[in-house]
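# Chain and residue survey
As a plain string of letters, each chain reads:
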Amino acid sequence: MPRRVLTPAAEIAPDQPAQPGGVSRRGVLVAGAAGALTLATGAEAWAAASAGSRGRPWPGRAGGSAGSVRRAHEFLGVMTDAYPEADGGPRLAQSYADQLGLFSTAFVYDVALMICASLAGGHEDRAATLADGLVFAQEHDPAHDDGRLRQGYNAGPYTFYDGSGQAYGLELPDGTANIGWQFGFLGTAVGDMAWPGIALLHTYEATGDRRYRDAAVRIGEWILDNTWSERTLGGFSFGVDGGDAPISNGSTEHNVDCVAFFRQLDALAGGRRWRRAERHAREFVDRMWDRRGGYFYTGTNDGEEINTDPLPLDPATWGWLALRANRYGRAVDWAALDLAARDVASAGSSQLPEGTAISGVTFSSASLMTTASYEGVPAHPDAVWLEGTAQLACALADRGRGRRDAARAERLLAEVRRTQDLLGGGQTVGGDALPERSGVVAATSLVDTGFGFGYFQVQHTGATSWYLLAAAGANPLQVGGLRRRRP
């Protein structure tokens, strides 16, 4: 599902293969020689930008948490409006600053998070604009008319690494959606369907516009028709690749998404099929639970056997946010302890400015032990993954077990705000400078996920959106979970 950020397993140093058995929303669907080549170039561009800014933290400080939230929303607005060519037509938002090297790529997972964060922050117009873009992409796929969304789309024009031009926004001259073929982001994953479905249902709840509900229903029908697994472990399989071939993997993270999505469909669209689908996904998630360790396994490669390593963070945080089951609350504490990371400048392969340190959590158990490198840039075992850190803050705030959970959530959010102040300076979108201290970078230093891709010190709409959701006390995986709290 991201990042992202997204680097195929082939981009890891040859003597450091990706961990086997990994099932990821973000990495599996990247395909093709063009994608590998250009992502390598993007890693080089990021490395050069990072090296040029090291040791030069932004001057001044943020104007407290309210100022930080305002600037984060400003970042989402700038990313949404980055390409004037798209004004008046359907739009999606570029996921990462230009420095990642993916140009105007808009991942639908990130767009969904932007919609949720915008609704939670009272920016309904922005949310509706992006929701309209998802509906357009669904209704105008160049090859399919079955309710699917692709992993990524082009949000605006750019010149590709080989010198060829990509001159359009989301809508092509023939009226079809501008799918992300340059990087191979053509597949459809269950998580990449469930999250937009969730975002569309929240938009329907906020606006009453039935187009959003109807689009979400089509997404649910695609998941039921294409990924319902009858294998031993059940649940929903990963999805399809860019050639429409089924991917047999099953992801705990995806099935958690499905529990939340189908529950919301049942509440807002109605129908016995959604309750049955929710149970089917929940049974898979329950099978992934390790009671002794207090964590979720990542999923399965074949629907028959459980992958026990590495252990990712997403199922732990989202498992609470979606299920709110007391026994699964232990996974939140497991993530806070076992995936804790502290990135200290000048230590090992840290890319932090001199004299700084940031605490939070990392992507998976494998991230803490990595010796991988991406295009010659070594991953840092102590790097902090900011999207996950904000997710953990969101889960702790939602769990709300007394003052301790609230205090832990606020400490994590304070760390995210520090990164907003310190990191990502001088980055751009569509060649134009981003507002100072606005977006949250994906990672404090290069994070190796253990699933064949990495996260970089580049401003990211997904990380910024999770920060805003946590700061608002919102829970996008619950019905009505984005309603703004009254002061």
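Conventions and cut-offs
- Residues numbered from 1 in each chain as written.
- Predicted model: local features only at pLDDT ≥ 70, side-chain atom pairs only at ≥ 80, totals over all residues.
- Heavy atoms only, no water.
- Pairing = 2+ DSSP bridges.
- Helix = DSSP H or I, 4+ residues; strand = E, 2+ residues; numbered from the N terminus.
- Contact = heavy atoms within 4.5 Å.
- Axes fitted to C-alpha atoms, helices over the stretch in contact; angles between N-to-C directions.
- Salt bridge = Lys/Arg side-chain N within 4 Å of Asp/Glu carboxyl O.
- pLDDT = per-residue confidence, 0-100.
- Expected span 1.5 Å × (residues − 1).
- Buried < 20%, exposed > 50% of the residue type's maximum accessible area, 1.4 Å probe, protein only.
- Core = buried A, V, L, I, M, F, W, Y, C linked by side-chain atoms within 4.5 Å.

## A few points about the sheet that holds strand 5 (residues 188-189)
- Taken in spatial order, the 5 strands line up as 5-6-7-10-11 in an open sheet, and their pairing is antiparallel. Every interior strand has two partners, whereas the edge strands, strand 5 and strand 11 (306-307), have only one.
- For strand 6 (residues 237-240) and strand 7 (residues 246-251), the ladder comprises 3 bridges, and the chain directions are antiparallel. Looking at the pairing, Gly239 lines up with Ile247 of strand 7.
- Seen against the sheet, helix 6 (residues 210-227) touches strand 5 and strand 6 and runs at an angle of roughly 100° to strand 6.

## Considerations on the pattern of salt bridges
- Under the defined criterion, the tally for this structure stands at 21 salt bridges.
- Of the charged contacts in the structure, one is a salt bridge between Arg408 and Asp333, with a shortest N-O distance of 3.2 Å. In this pair, Arg408 sits in helix 12 (residues 402-422) while Asp333 sits in helix 10 (residues 329-338), placing the two residues 75 residues apart along the sequence.
- Because the salt bridges share partners, they merge into one network encompassing Asp333, Arg399, Asp405 and Arg408.

## Quick word on the confidence of the model for the chain
- Overall, the predicted model of the chain reaches an average pLDDT of 89, with 86% of residues at or above 70.
- This stretch, residues 27-42, has a pLDDT under 50; its non-local contacts, to residues over four places away or in other chains, come to 45 contacts.
- Segment residues 52-63: pLDDT under 50, and 23 contacts once partners within four positions in sequence are set aside and those in other chains are kept.

## Looking at helix 5 (residues 190-207)
- With 18 residues, helix 5 should reach 26 Å at 1.5 Å per residue; the first-to-last C-alpha distance of 26 Å fits that figure.
- The buried fraction of helix 5 is high, at 15 of 18 residues.
- Looking at the residues trailing helix 5, positive phi occurs at Gly208, about 80°.

## Regarding the nonpolar core
- Core analysis: the biggest nonpolar cluster contains 143 residues, and Phe261, Phe262 and Trp466 have the highest contact counts within it.
- Here this core gets 11 residues from one element, more than from any other, and that element is helix 3 (residues 108-120).
- If near-sequence neighbours (up to four positions away) are discounted, Trp466 is found in contact with Tyr109, Leu113, Trp195, Trp318, Leu321, Glu387, Ala390, Gln391, Cys394 and Pro476.

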